[in-house]
Amino acid sequence: MSRIFLISILLTLSTLSVNMYGQETTTLVSGTVLDTAQAPLMAATVTLLKATDSVLVAFSLSDKTGKFAFKKVKPGDYILQITYIGFRQKSVPVSVKGDTPEINLGTISLEALDVSLGEVTIEGRRTPILINKDTIEYNADAFQTQPNAVVEDLLRKLPGVEVEQDGTIKAQGKEVRKVYVDGKEFFGDDPKIASKNLPADAVDKVQVYDKKSDFAEFTGIDDGQREKTINLALKEDKKKGVFGNVSGGYGTQNRYEGRANVNRFTKKLQFSGLGMLNNTNQQGFGIDDYINFMGGLQNMMSSGGGGGGGSFRISLNATDLGLPINNGPGAGFTTTSAGGLNFNYDFNKKTKLTSNYFYSGIKNEKESSTFRQNFLGENTFDSQENTDQISRNQNHRVNMTLRHEIDSFKNIIFRSNFGFNDAGFDIASDSRVYNPLGLVQNSNDRTNASEGNNISFRNSFTYRQRFAKKGRAIVASANVGIQDDEKEAWIESLNRYWEVDSTFSDSLSQEQIQRSDQLDYSARLTYTEPLGKGKFLAFNLSHQNYGNKLIRDVFDIRPNDIPQQILNTDLSNHYQRGYFYERAGVDFQYNRKKFNFTTGVNFQQSRLRGEILTNGTTIRQNFLNILPVVRANYDFTTSTNLGFDYETSVQEPSLEQLQPIADNSNPLSIVVGNPNLRPEYSHQMNLRFNSYSAFTFTSLFANLEATYTQNKITHSRSIDSLFRQVTMPVNVARDLRLSGSVSFGTPIKPLKSRINLDLRTLYNRGILFVNSQENNVDRLINSAGLSIENRNKEVVDIVLGVDYDHNLTRYSESSDLNQAFANQRYYADFSLNFAKTWAVRTGMDYAVYAGTAFNEETRIPLWRASVSKYVLKNRRGEIKLSAFDMLNQNLGFSRTSELNYIEEVQTLTLSRYFLLSFTYNLSKFGAAGEPGGSGIRIIQRK
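Fair warning: this is a prediction, and the values are worked out from it, not measured in the lab. All residue numbers here refer to positions counted from 1 along the written sequence of the relevant chain. Totals for whole chains, interfaces and linings use all residues, but because this is a predicted model, local features are given only for residues with pLDDT of at least 70 and pairs of side-chain atoms are given and counted only at 80 or more. Heavy atoms throughout the structure, all of them, feed into the side-chain values; hydrogens and water do not.

1. Examining a nonpolar patch on the surface
Together, V246, F834, W838, V840, V867, L872, I879, L881, F914, L916, F918 and Y920 make up an exposed nonpolar region whose accessible area comes to about 970 Å². Listing elements by their share of the nonpolar patch, those giving two or more residues are β44 (838-851), β46 (877-884) and β49 (913-925). To qualify as a helix, a DSSP run of H or I must reach at least 4 residues; to qualify as a strand, a run of E must reach at least 2; elements of each kind are numbered from the N terminus. Broken down by element, the nonpolar patch gets its largest block of residues, 4 residues, from β49. Note on placement: Y920 falls in strand β49. Judged by its relative accessible area of 30%, Y920 falls in the partly exposed class. In this scheme, patches are assembled from residues that exceed 30% relative accessible area and form no salt bridge. Like charges are connected within 9 Å, while nonpolar side chains (Val, Leu, Ile, Met, Phe, Trp, Tyr) are connected within 5 Å. Here, Shrake-Rupley sampling with a 1.4 Å probe gives the accessible areas, and only protein chains in the shown set may cover a residue. Salt bridges are identified by distance alone: a Lys or Arg side-chain nitrogen within 4 Å of an Asp or Glu carboxyl oxygen. Here the term buried applies to any residue with accessible area under 20% of the maximum for its type, exposed to any over 50%, and partly exposed to those in between, with areas from a 1.4 Å probe on protein chains only.

2. Some remarks on the pattern of salt bridges
When charged atoms on two side chains of opposite charge get close, those side chains can pair. Enumeration according to the criterion identifies 29 salt bridges in this entry. Among the ionic pairs, D778 bridges to R765, the shortest N-O distance being 2.7 Å. You can see D778 sitting in strand β41 (residues 773-790) and its partner R765 sitting in strand β40 (residues 753-770), a full 13 residues away along the chain. Here the salt bridges share partners, and the residues they tie into one network are D803, R825, D829, D845 and R864.

3. What to know about the side chain of N444
The topology assignment puts N444 in strand β26 (residues 440-466). Residue N444 is classed as buried on the basis of its relative accessible area, which comes to 0%. Polar contact is defined as a pair of N or O atoms within 3.5 Å, subject to the rule that within protein one atom must be able to donate a hydrogen and the other to accept it, and that residues adjacent in sequence are counted only when both atoms are side-chain atoms. There is a polar contact of 2.2 Å between the side chain of N444 and the side chain of R446. A distance of 2.8 Å separates polar atoms of two side chains, one belonging to N444 and the other to S493.

4. Quick word on the sheet that holds strand β6 (residues 90-96)
Strands are treated as partners if at least two bridges between them are detected by DSSP. Taken together, 4 strands build an open sheet; the order of strands is β3-β2-β5-β6 and the sheet is antiparallel. The open sheet terminates on both sides in strands that have one partner only, identified here as β3 (56-61) and β6. Within this sheet the neighbouring strands show an average axis-to-axis angle of 20°, counted without direction. Under this scheme, a helix contributes an axis fitted over its contacting stretch, all axes are lines through C-alpha atoms, and angles between N-to-C directions fall in the 0 to 180 degree range.

5. Side note on the environment of N279
Checked against the element boundaries, N279 lands in the loop between β19 (269-278) and α5 (287-294). Its relative accessible area of 9% is what places N279 among the buried residues. Along the primary structure N279 and S337 are separated by 58 residues, whereas in three dimensions their C-alpha atoms are 8.9 Å apart. At 3.1 Å, the side chain of N279 forms a polar contact with the backbone oxygen of N254. A distance of 2.8 Å separates the side chain of N279 from the backbone nitrogen of Y256, its partner in a polar contact.

Below you can see the structure in the form of structure tokens.
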């Protein structure tokens, strides 16, 4: 019934969209762009703007004959604007009457710029989009946003740019890795800090391009490595004063939010301050910040569900994040405080500094219930766990980069990073394991607590030099990193076991103290030599060293009148490990205007040296690997390209995977390392096709990836008659992973809408061991997403969509254990702006979790809404009433499938609340500059 209700809402909103933008009498407007010699100009930017306010109506590029056309133009007065690099911009008034089916403007001639003129001034209106080779430039003022909007809201309106629900930015189908402000770094490498905090009205141009590697930018040799990047060019008046905004709100259930950002930019200086405080599960930073925040405690905890009597263990796995990452309102109750400073300064043309400091404090309270179905041979057994957890952490991070140009041929780069993290958690949990008949086999009740801190420090130095001969260059770099972890944990556990005729129990009380030191350093030298036009050889030589030393002491606590601590020598461990790499290689590069190709090979000699200090056991392993690489990229046009990458890599086992000491943090699920592990050797292939048509706003992005891994590190489990588990990492012969994705978007002109279709598939064949029995496991995950939105968003903005994914797992030896389940999500968002100072927004997400793998189908509807009133001069203030989860149905819910289990986790989380907030837009400028986006002014002097 609820699904029918939701579909009715979606159809109603879709019908409203079509009716509001219904059929009208329209006109075809066309013409031809030529130069003064009457030669056609291909790819000239032609835009149709409203005469009253210069808002973008339509956009196109001229074809190879210079022709352009706009179909179905509504009656009204317009300005046709034509821009072409190296030519004067031209504007032509166009008046469209309702009774005229076609208007042919004939030939429009552009005059070339005369660079010999003392001064050339071009004045014109907004040009929404300019394409110059690999850069697409958007004029921000041509894409309307609401008052107090942030950059993220602006990006959502740009053709070819997408912003996903979690804030991830994609441009032309690729994830944006960096966002610069006026060409400078902004709070490091996290794009979300800029997109979620900078005000949209401060931006003049949004420039999207593929940033080449530092090596390619310096040497001029295109190595094929690109990174999708956005540069936010600020308006001139924003560089002459202070801008930003401050907001605060309070609501029911004692919910509160506060946020502020202040910016001061000049030609030499960029200064920004950010701050936030809330208990509504909101964050303004990305996953990389959380990884840094985990710092000293990232190895102390993993949450893997209920198998074997519970999920908690001190895993000592360097890849675990440790504390829970909260990505929104579905993960308990989170209080967040964060703040930072970004300081960039150009001392002169040759010396430039970029730096930032960031602080974050997170406290998370979470009550969750985990159900896991474990696969054992041809049978299954279930486990159930309830957890009450409080975790907290505080992180400080400082980054600095100093660039100095010695002369036009030489420069140096110095980078320094410092981080300090303090974290802790308290957990109380109870778990039960049931045999295949549904009878309780064992139970575990325990409390765990931990405190820890981490200090890290890293420096790098790079020297780069070009020579007189173009393409000849040398790049030398050195890095050193130091990290120190200190952790202390306490465990209290009571375990009960049920046999056929008896019941017995045991208990555990321990304190665990751990100290870990890490020192790594590396050096690399690269030399390039030109072989002729577009051909180069690149030689590289490098050495790397990673050293770890771990001291872990476990004390059993005897509950006497005076508690005694006795060292447990079986569980204590003093261990050190060193990995040493020497690598030498050569690459051949062939570059042309549309095509670049790289092939090469590296020879890597690696040595593992480990020693268990408590008993003198040593580990000595040597490996020689040949690592080939092939990269190719072909640009059919500036917006259509085909790329292929093949590379190989080696991944060594972690310190924790190698140490042969039992981790009994959960006595019913013990983890033991394996000193005989070999490094993984992987082959990775990627084929991608990207196409974006500026004529039709149609995009097609396709990607195919394959990874074949030899000596894959997986886990082997042994389970006894009481369902106690012992897990050990082992190497298996192979692992195959295939994935593909297609993303397609295009306007639907009759509906005045745009449709977006995403298809994804993942296939994985792995090997699983349970009680020494080998099982080949095939996993297939298919996903599809479909959304439709209206194109004219000036008054009404509507988005409707559905996401669907299906999970299937099959076992070669135990077909009865095959399972399948599906997740569905329907969503709708509606915004209405009226009376110039009012805005109403509402939206709903409806999730359905179903499948044969789980006993019940779960449905979660989330309905949100808000109403805003803009006040003060220039709508500088906004009063907003928001409602979250109006149906009071929110529940943290997830389902996952792994090689040897399926799992469902339900978490009590933030539900219905109302919030009244006020936002004030800060603007204090010096002398007025050019009106933002009102024209283009080019000045040339002799």
